[in-house]
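Chain by chain, the residues:
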Amino acid sequence: MAISAAIGTPLETCLAQAVDANPALKDTAAVIAAVARSAVEISERIGRGALGGDLAAAGEHNSDGDVQKALDVIAHESVTAALRGAPVAEVASEEAEEVMRLNPDAPLAVAIDPLDGSSNIGVNMAVGLIFGIRPSIKNPANPLASFTTPGSTQIAAGFVTYGPATALILTLGEGTQSYVLDRAEGTFKLTSPAMSVPASTKEFAINASNARHWDAPVKAYIEDCQRGTEGPRDKDYNMRWLASLVADIQRVLTRGGVFLYPGDARKNYARGRLRLLYEVAPVAMLVEQAGGTATDGQTRILDLVATGIHERAPLVCGSTEEVACVATYYAGGKPDAGRSPLFGQRGLMRS
Ligand SMILES: O=P(O)(O)OC[C@H]1O[C@](O)(COP(=O)(O)O)[C@@H](O)[C@@H]1O
Ligand SMILES: [Mg+2]
Ligand SMILES: [Mg+2]
C-alpha cells in the first residue's frame with residue numbers, strides 16, 4: 001500500500017484505498033481494523049492510569065516464564081476478542097501457551113504480542129502491541145503450520161505505541177506508515193505516509209546492564225561506540241534504552257539508530273529475549289519497509305523460520321550502515337572507516 005492519502009486521513013479510509021488498489025488485501029484490512037479497535041480500548045484504559053485499577057498487579061506466569069501483569073491479560077483478552085470477529089483462523093499470542101484456533105475456514109493467521117514492554121506497566125512509561133499477519137496454512141494435524149514459514153511470508157505487520165500519543169505503525173508490504181490516535185474521535189489518522197530510516201546514525205539502543213554477558217563481537221562494537229571520536233568509529237554516540245521494544249523502534253523509524261537485543265551468556269538468553277514470531281519478525285518487516293535493515297547480527301530476520309510460537313531470536317536492526325557495521329564485528333572484523341582500527345591514527349596499534 002503506497003499511501004497517497006493526505007495527512008490526517010482516517011485509517012479506515014487509508015485501508016479502503018489499499019483494498020481498492022489491491023482487493024487481495026480485503027481480509028488483511030479487516031484484521032488491522034479489528035486490532036485498531038482493540039488498541040483504542042486499551043489506550044483509554046492505560047490513559048486512566050491507576051484510576052482504572054492496578055494494571056501492574058501480578059498474576060500467573062506466561063509460557064515464556066514471565067509473570068503476567070493485569071494489563072497483559074486485559075490486552076490479550078481485548079485483542080483476541082476483536083480478532084474473533086475478523087477473518088482469522090489462528091492466533092499465536094505471547095499470553096497463550098498454544099496456537100489459538102478462532103475461525104477455522106478463515107484465510108489469515110496472526111502472531112501477536114498483546115502488551116509489549118510489560119516492565120513499564122504501572123510507571124507511566126510507553127508500552128505497546130505488536131502484530132504480524134500471515135496466510136493461514138490449513139493443516140489440521142499441525143497447528144503450527146501457519147507460523148513455521150519465513151517472516152517474509154508476512155502480508156502485513158504493525159505495532160501500537162501507547163506513549164504520550166497512541167501511535168499505530170503499519171506496513172502492508174509497500175512502505176511503512178504512521179498514524180496517531182485522535183482521542184476525541186477514537187480514530188487513528190495518518191501522520192506519515194512513508195517513514196524512512198536514515199542510513200547512518202550516532203545512536204544505539206541496548207540494555208547495557210547485560211554487558212558482562214555479551215559475546216565478543218557485541219562487546220567490541222559497543223566499546224568502540226563508547227570510545228566515540230577517540231576510537232575507530234570516529235564519532236560520538238548517544239545511547240537510549242526505553243525497555244519497550246515498540247517505543248525504541250518507533251524512535252529508530254523516526255530518526256534512525258541501531259537497536260540491539262543480542263543473545264548473551266545468561267541462562268535461556270542464548271537467542272536474546274525477544275520472540276521471533278510476534279516481536280522480531282513484525283519489527284523487521286516494518287524496519288525494512290522503511291528502508292532500514294534487520295538481522296540477528298548476521299542473517300536477515302525475514303529469512304528465519306520459527307519452529308515454536310514462543311521461540312526467541314536476537315535482533316539487530318535500524319540504520320542500514322550501522323547494522324552492516326555490527327555484522328562486520330560478528331564476522332570477526334572491524335569497520336574500515338578510513339581510520340582502520342588496527343592501523344589508523346586512533347587504532348589499536350596506537351593504544
Ligand atoms: O528488561 P530487558 O531485558 O531490558 O528487556 C526489555 C525488552 O523486553 C520487552 O519488554 C519484551 O516484551 P514483553 O514485555 O512483551 O515481554 C521488550 O519490549 C523490551 O525491548
Ligand atoms: Mg514484547
Ligand atoms: Mg508482551
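Residues numbered from 1 in each chain as written. Chains lettered and ligands numbered in written order. Predicted model: local features only at pLDDT ≥ 70, side-chain atom pairs only at ≥ 80, totals over all residues. Heavy atoms only, no water.

Participant: Explain the coordination of the magnesium ion (ligand 3) to me, please; I cannot follow it from the model alone.
Facilitator: Each donor-metal-donor angle would ideally measure 109.5 degrees in four-coordinate tetrahedral geometry, or 90 or 180 degrees in six-coordinate octahedral geometry. Donor atoms from the polypeptide that bind the magnesium ion (ligand 3) are Glu 94 (OE), Asp 113 (OD) and Leu 115 (O), placed at 2.0 to 2.2 Å. Counting gaps between the donor residues of the magnesium ion (ligand 3) yields the pattern E-x18-D-x1-L. A separation of 3.7 Å is found between the magnesium ion (ligand 3) and the magnesium ion (ligand 2), both of which receive a donor from Asp 113. The two residues Asp 113 and Leu 115 agree in class, both being buried. (Donors = N, O, S within 2.8 Å, 3.2 Å for Na, K, Ca; no water. Buried < 20%, exposed > 50% of the residue type's maximum accessible area, 1.4 Å probe, protein only.)

Participant: Can you help me understand the side chain of Ser 244 in this one?
Facilitator: You can see Ser 244 is positioned in the loop between β12 (238–239) and α5 (245–255). In this structure Ser 244 comes out as buried when scored by relative accessible area, which is 1%. (Helix = DSSP H or I, 4+ residues; strand = E, 2+ residues; numbered from the N terminus.)

Participant: What is the right way to read the sheet that holds strand β13 (residues 258–261) from this model?
Facilitator: To summarise the sheet geometry, strands pair through backbone hydrogen bonds and adopt either a parallel or an antiparallel arrangement. The strand order across the open sheet formed by five strands is β12-β11-β13-β15-β14, and the pairing between neighbours is mixed. A strand with exactly one partner marks an edge of an open sheet, and here the two such strands are β12 and β14 (293–295). Relative to strand β15 (residues 315–318), β13 runs antiparallel, the two sharing four bridges. Bridge pairing in β15 places Val 258 opposite Gly 318. The sheet strands contacting helix α6 (residues 276–289) are β14 and β15, and the helix crosses β15 at an angle near 25 degrees. (Pairing = 2+ DSSP bridges. Contact = heavy atoms within 4.5 Å. Axes fitted to C-alpha atoms, helices over the stretch in contact; angles between N-to-C directions.)

Participant: Can you walk me through the environment of Ala 199 in this structure?
Facilitator: For Ala 199, the location among the structural elements is in the loop between β10 (187–192) and β11 (203–205). Assessed through its relative accessible area of 37%, Ala 199 is described here as partly exposed. In this structure the C-alpha to C-alpha distance between Ala 199 and Ser 43, which are 156 residues apart in sequence, comes to 32 Å. Not counting chain neighbours up to four residues away, the residues in contact with Ala 199 comprise Ser 319, Thr 320, Glu 321 and Glu 322.

Participant: I'm lost on the coordination of the magnesium ion (ligand 2) in this one. Help?
Facilitator: At 1.8 to 2.1 Å from the magnesium ion (ligand 2) lie its protein donor atoms, namely Asp 113 (OD), Asp 116 (OD) and Glu 279 (OE). Mapping the donors of the magnesium ion (ligand 2) onto the primary sequence yields the spacing D-x2-D-x162-E. Asp 116 gets classed as buried once you look at its relative accessible area, which sits at 4%. Among the residues examined, Glu 279 registers a relative accessible area of 2% and is labelled buried.

Participant: So what exactly am I meant to see when it comes to the packing of helix α1 (residues 11–21) against helix α2 (residues 26–47) here?
Facilitator: Helix-helix packing is described using two parameters, namely the angle between the two axes and the distance between the axes. Two elements in contact, α1 and α2, have axes whose closest approach is 9 Å; the angle formed by their N-to-C orientations is 170 degrees. With respect to α2, the axis of α1 lies roughly antiparallel. Residue-level inspection shows Leu 11, Leu 15 and Val 19 of α1 in contact with α2, the latter providing Lys 26, Ala 29, Ile 32, Ala 33 and Ala 36. (Parallel < 35°, antiparallel > 145°, perpendicular 65-115°, else oblique.)

Participant: Just checking my understanding: could you explain the site of ligand 1 for this structure?
Facilitator: Near ligand 1 you find 17 residues, and of these Asp 116, Ser 118, Asn 207, Leu 245 and Tyr 261 are the closest. Here Gly 117 contributes a backbone N or O atom positioned 3.0 Å from an oxygen atom of ligand 1. Within the complex, the protein chains bury 90% of what would otherwise be the 470 Å² of accessible surface of ligand 1. Broken down by element, the shell around ligand 1 gets its largest block of residues, three residues, from strand β5 (residues 108–116). Looking at the shell around ligand 1 residue by residue, the class counts come to six nonpolar, four polar and seven charged. Both of domain 1 (11–192) and domain 2 (203–330) provide at least three residues apiece to the shell around ligand 1. (Near = heavy atom within 4 Å. Polar contact = N/O pair within 3.5 Å; in protein donor to acceptor, adjacent residues only side chain to side chain. Areas by Shrake-Rupley, 256 points an atom, 1.4 Å probe, with all protein chains shown as cover. Nonpolar A, V, L, I, M, F, W, Y, C, P; charged D, E, K, R; others polar. Domains from an automatic or database assignment.)

Participant: Hey, could you run me through the sheet that holds β5 in this one?
Facilitator: Pairing is mixed in the open sheet, where eight strands are placed in the order β4-β3-β5-β6-β7-β8-β9-β10. Among the strands making up the open sheet, the edge pair consists of β4 (100–101) and β10. The sheet contact formed by strand β8 (residues 166–171) and strand β9 (residues 176–182) spans five bridges and is antiparallel. Paired with Thr 171 across the strands is Thr 176, a residue of β9. On the sheet, α6 packs against β3 (88–93), β5, β6 (127–135), β7 (156–162), β8 and β9 and is oriented at approximately 85 degrees with respect to β6.

Participant: In this structure, what is going on with the domain arrangement of the protein chain? I would like to understand it.
Facilitator: A common way to express how large an interface is: the accessible area buried when the components associate. The domain boundaries assigned to the protein chain delineate domain 1 (11–192) and domain 2 (203–330). Taken over C-alpha atoms, the centre of domain 1 sits 23 Å from the centre of domain 2. Buried area between domain 1 and domain 2, summed over both chains or domains, comes out near 2,800 Å², and the portion from carbon and sulfur atoms is 61%. One can count two salt bridges joining domain 1 with domain 2. Here Arg 273 ties to Asp 66 by a salt bridge, and the two come within 3.6 Å at their closest N and O atoms. Taken together, the connections running from domain 1 to domain 2 amount to 15 residue pairs in polar contact (both at pLDDT 80 or more). For the side of domain 1 that touches domain 2, the secondary structure elements donating two or more residues are β3, β5, β6, β7 and β8. Looking at which element gives the most residues to the side of domain 1 that touches domain 2, the answer is β6, with seven residues. For the side of domain 1 that touches domain 2, a count of residues per class yields 21 nonpolar, 18 polar and nine charged. (Buried area = accessible area lost by both parts, 1.4 Å probe. Salt bridge = Lys/Arg side-chain N within 4 Å of Asp/Glu carboxyl O.)

Participant: Looking at this structure, I do not really get α6. What am I missing?
Facilitator: For an α-helix, 3.6 residues make a turn, and residues three or four places apart therefore share a direction. The buried fraction of α6 is high, at 12 of 14 residues. Immediately downstream of α6, the backbone of Gly 291 shows phi near 90 degrees, a positive value.

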